[in-house]
Amino acid sequence: MIIFGHRAYTFGAGRGGEFHCPQCNTQRPYKLKKLQRFFHLYFIPIIPLTELQRWVECRLCKSKYRTEVLKLKAEQEARQKLLDDGYRAVLAHFGKMSGRSDEAFVERLERCFTDLTGRLLTPEQLRKDLAGGPGDISYTASELRGFLTEQGREIAVRGAVIAATADGTLTDAKKAAVADFARILGMSDAHLLGVMASAAPGALPGSAPAQALPAPRSLN
Ligand SMILES: [Zn+2]
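Report follows, based on the coordinates.

Conventions used here
- Residues numbered from 1 in each chain as written.
- Predicted model: local features only at pLDDT ≥ 70, side-chain atom pairs only at ≥ 80, totals over all residues.
- Heavy atoms only, no water.
- Phe/Tyr/Trp six-rings, centres within 6.5 Å; stacked < 30°, edge-to-face > 60°.
- Helix = DSSP H or I, 4+ residues; strand = E, 2+ residues; numbered from the N terminus.
- Buried < 20%, exposed > 50% of the residue type's maximum accessible area, 1.4 Å probe, protein only.
- Axes fitted to C-alpha atoms, helices over the stretch in contact; angles between N-to-C directions.
- Parallel < 35°, antiparallel > 145°, perpendicular 65-115°, else oblique.
- Contact = heavy atoms within 4.5 Å.
- Nonpolar A, V, L, I, M, F, W, Y, C, P; charged D, E, K, R; others polar.
- Donors = N, O, S within 2.8 Å, 3.2 Å for Na, K, Ca; no water.
- Tetrahedral: all angles 85-135°; square planar, octahedral: opposite > 155°, others 65-115°.
- Salt bridge = Lys/Arg side-chain N within 4 Å of Asp/Glu carboxyl O.

Before going further, it helps to spend a moment on the packing of aromatic side chains. Per the stated rule, a full pass over the model turns up seven aromatic pairs. The interplanar angle of 55° and the centroid separation of 5.4 Å between the aromatic rings of F94 and F181 together place this pair among those described as tilted. You can see F94 sitting in helix 1 (residues 69–98) and its partner F181 sitting in helix 6 (residues 172–185), a full 87 residues away along the chain. Using a relative accessible area of 0% as the deciding quantity, one classes F94 as buried. Accessibility expressed as a relative area gives 2% for F181, which makes it buried.

Another aspect to go through is the packing of helix 2 (residues 103–117) against helix 5 (residues 150–164). Between helix 2 and helix 5, the shortest axis-to-axis distance is 9 Å and the interhelical angle comes to 170°. It follows from the interaxial angle that helix 2 and helix 5 lie roughly antiparallel. Between helix 2 and helix 5, the contacting residues are F105, R108, L109, C112, D115 and L116 on the first element and G152, I155, A156, G159, I162 and A163 on the second. Split into classes, the residues belonging to the contact of helix 2 with helix 5 amount to eight nonpolar, two polar and two charged.

Donor atoms from the polypeptide that coordinate the zinc ion comprise C21 (SG), C24 (SG), C58 (SG) and C61 (SG), at 2.2 to 2.4 Å from the metal. Around the zinc ion, the four donor atoms sit at angles spanning 102 to 118°, and that spread fits a shape best called tetrahedral. The sequence pattern describing where the donors of the zinc ion fall on their chain is C-x2-C-x33-C-x2-C. In this pair, C24 is assigned in the loop between strand 2 (17–21) and strand 3 (26–41) and C61 in the loop between strand 4 (44–58) and strand 5 (64–66), connecting sequence segments 37 residues apart.

Let us now look at the pattern of salt bridges. Overall, the coordinates contain twelve salt bridges when judged by the stated rule. The closest approach of N and O atoms between K81 and D85, which form a salt bridge, is 2.6 Å. Taken together, the positions of K81 and D85, both in helix 1 and four residues apart, correspond to about one turn of that helix. What emerges from the salt-bridge pattern is a single network uniting K33, E57 and K64.

Have a look at this one:
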């Protein structure tokens, strides 16, 4: 008697690699596997037929995922890059308004960057940004708006105020520029006034000039 028919077999499907395993919550090696129907003869798969399913399996915890999991980390990294690049552009844009590039100023901008992104930036990167040409800050702000929480918006605007007023002045032009930025981010005017008052107290009318950051030169 000849035994033949259709049957589904599990196979490795490709080389695999590394991915961010949601279960292990870290980078892990994975196997790509597939379930495919075969025409078999005496239970030996002979002719490949329809592929039924394909999945990713963590080599450590053995959790199985849809193949979309491979894109998760890449998407996360892309968003992270958008945030980093966007906020660097913001700090440079407003930093130029204070006309400073000294060490204390650059260190302050580094802290602003870390406050928002949780990541580090070198003084060289910031100096390069400060020396760069003008960017489209409205466009950058509209991109950032998509993934900043209310708290994130506040941190972002505070950094902009600190960068713009490090020379000890908060001119009408600077106020207008920060206000535009804050509105595009979706911050209310009342909230913005609060942030401005707390971030640049030295530059507000009636306050003493800022002492923490000496201004080597002023653009005004
Ligand atoms: Zn795992």
